[in-house]
Amino acid sequence: VGDDAAERASAAQLATATGAAAVCVTRGAKGAALWVAGGEGEGEWSQHSGFAAAVDARDTIGAGDSFLASLILSLLPDEPASPGVRHELDATDALARACAIGAFVASMPGATPKHDADAIERIRAFAP
């Protein structure tokens, strides 16, 4: 998929065809977009340009997995509650958090670096 309109249309079509509540389009260092289905083929399209400029990528293994885990956790309802984790973020905030966590993991050696909330917040504070 080449452009934003085509990505949006493809995500909406995939959500409709599969009954998915959401479809995420990942763009690696260029961020991600999320289609959250609404009623009657309508939906919300959110995008984030990513935080590639905020970090020096050292090892991208695990970055996509970390992105997806963060996105799913951020969109889940608050049950069961996890201390310090905000659930049910809106799509834009969920994408920003997921992109920041993916960038953090890419900036560290190894696929599962020790979680550093301060470092992730510093990445999120970077305005692309």
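Report on the accompanying structure. (Residues numbered from 1 in each chain as written. Predicted model: local features only at pLDDT ≥ 70, side-chain atom pairs only at ≥ 80, totals over all residues. Heavy atoms only, no water.)

**So, the overall build of the chain**
Quick note on the threshold: Strands are runs of DSSP state E lasting at least 2 residues, helices are runs of H or I lasting at least 4, and numbering of each runs from the N terminus. Relative accessibility decides the category of a residue: with a 1.4 Å probe and only protein chains considered, values under 20% of the type maximum give buried, values over 50% give exposed, and everything between is partly exposed. For this analysis, residues touch if any pair of their heavy atoms sits within 4.5 Å. Calculation of accessible area relied on Shrake-Rupley with a 1.4 Å probe; when residues are assessed, cover is drawn exclusively from the protein chains displayed.
What the chain contains, in helices and strands, is four helices and three strands. Helices (α) and strands (β) of the chain occur, in sequence order from the N terminus, as α-β-β-β-α-α-α. Within the span of the chain, comprising 128 residues, buried residues form 35% of the whole. Partitioning the intrachain contacts of the chain with sequence separation of at least 6 by distance along the chain shows that 47% fall at a separation of at least 24. For the chain, the exposed surface amounts to about 7,500 Å²; the carbon and sulfur share of it is 54%.

**Let's talk about the nonpolar core**
Defined as follows: Take the buried Ala, Val, Leu, Ile, Met, Phe, Trp, Tyr and Cys residues and link them wherever side-chain atoms come within 4.5 Å; each set so joined is a nonpolar core.
Core analysis: the biggest nonpolar cluster contains 22 residues, and Phe51, Phe67, Leu71, Leu95, Phe104 and Ile123 have the highest contact counts within it. When residues of this core are traced back to their parent elements, those giving at least two are strand S2 (32-37), helix H2 (63-75), helix H3 (91-106) and helix H4 (117-125). Residues in contact with Phe67, not counting those within four places in the same chain, are Cys24, Thr26, Ala32, Leu95, Ala98 and Cys99. Of all hydrophobic cores here, the second largest spans eight residues; its members include Ala11, Ala12, Val25 and Trp45.

**Topic: the pattern of salt bridges**
This is how it is decided: For this analysis, a salt bridge means a side-chain nitrogen from Lys or Arg found within 4 Å of a carboxyl oxygen belonging to Asp or Glu.
Evaluated as defined, the whole model comprises two salt bridges. One salt bridge connects Arg27 with Asp4, and the closest N-O pair in it is separated by 3.8 Å. Linking Arg27 in the loop between strand S1 (22-26) and S2 with Asp4 in helix H1 (residues 4-18), this pair joins segments that are 23 residues apart in sequence. We classify Arg27 as partly exposed; its relative accessible area is 24%. Between Arg27 and Glu7 there is a salt bridge, with the nearest N and O atoms lying 2.3 Å from each other. Of the two residues, Arg27 sits in the loop between S1 and S2 while Glu7 sits in helix H1, which places them 20 residues apart along the sequence. Residue classification places Glu7 among the buried positions, given a relative accessible area of 10%. The structure contains a network of salt bridges with shared partners spanning Asp4, Glu7 and Arg27.

**Observations regarding H1**
Inclusion rule: Multiplying 1.5 Å by the residue count of a helix minus one yields the expected span of that helix. To obtain the arc, one takes the directions from the helix axis to the C-beta atoms.
With 15 residues, H1 should cover 21 Å at 1.5 Å per step; its first-to-last C-alpha distance of 21 Å lies within 8% of that length. When we look at burial in H1, the residues that qualify are Glu7, Ala11, Ala12 and Ala15. Projection of H1 onto a plane perpendicular to its axis shows the buried side chains occupying an angular sector of 130°, all on one side. Exposed residues on H1 whose side chains face more than 90 degrees from its buried face are Ala5, Gln13, Thr16 and Ala17. Looking at the packing, one finds that the buried side of H1 touches S1, S2 and strand S3 (43-48). Directly beyond the C-terminal end of H1, a positive phi value near 75° is found at Gly19.

**Overview of a nonpolar patch on the surface**
Let me state the cut-off plainly: A patch consists of residues whose relative accessible area exceeds 30% and which take part in no salt bridge; residues with like charges are grouped when within 9 Å of each other, and nonpolar side chains (Val, Leu, Ile, Met, Phe, Trp, Tyr) when within 5 Å.
A cluster of nonpolar side chains, contributed by Leu68, Ile72, Leu73 and Leu76, occupies part of the molecular surface with about 320 Å² of accessible area. With respect to the helices and strands, the residue Leu73 is situated in helix H2.

**Observations regarding the sheet that holds S1**
The following threshold applies: DSSP-based pairing: two strands are paired if at least 2 bridges between them are found. Each axis is a line fitted through C-alpha atoms, taken for helices only over the stretch in contact, and angles between the N-to-C directions span 0 to 180 degrees.
With antiparallel pairing, three strands are arranged side by side in an open sheet as S1-S2-S3. Only two strands of the sheet have a single neighbouring strand rather than two, namely S1 and S3. The mean inter-strand angle of the sheet, taken between neighbouring strand axes irrespective of direction, is 10°. In terms of strand pairing, S2 meets S3 through six bridges, oriented antiparallel. Across the sheet, the residue bridging to Val36 is Glu44, located in S3. Its contacts with the sheet place H1 against S1, S2 and S3, and it is angled at close to 135° to S3.

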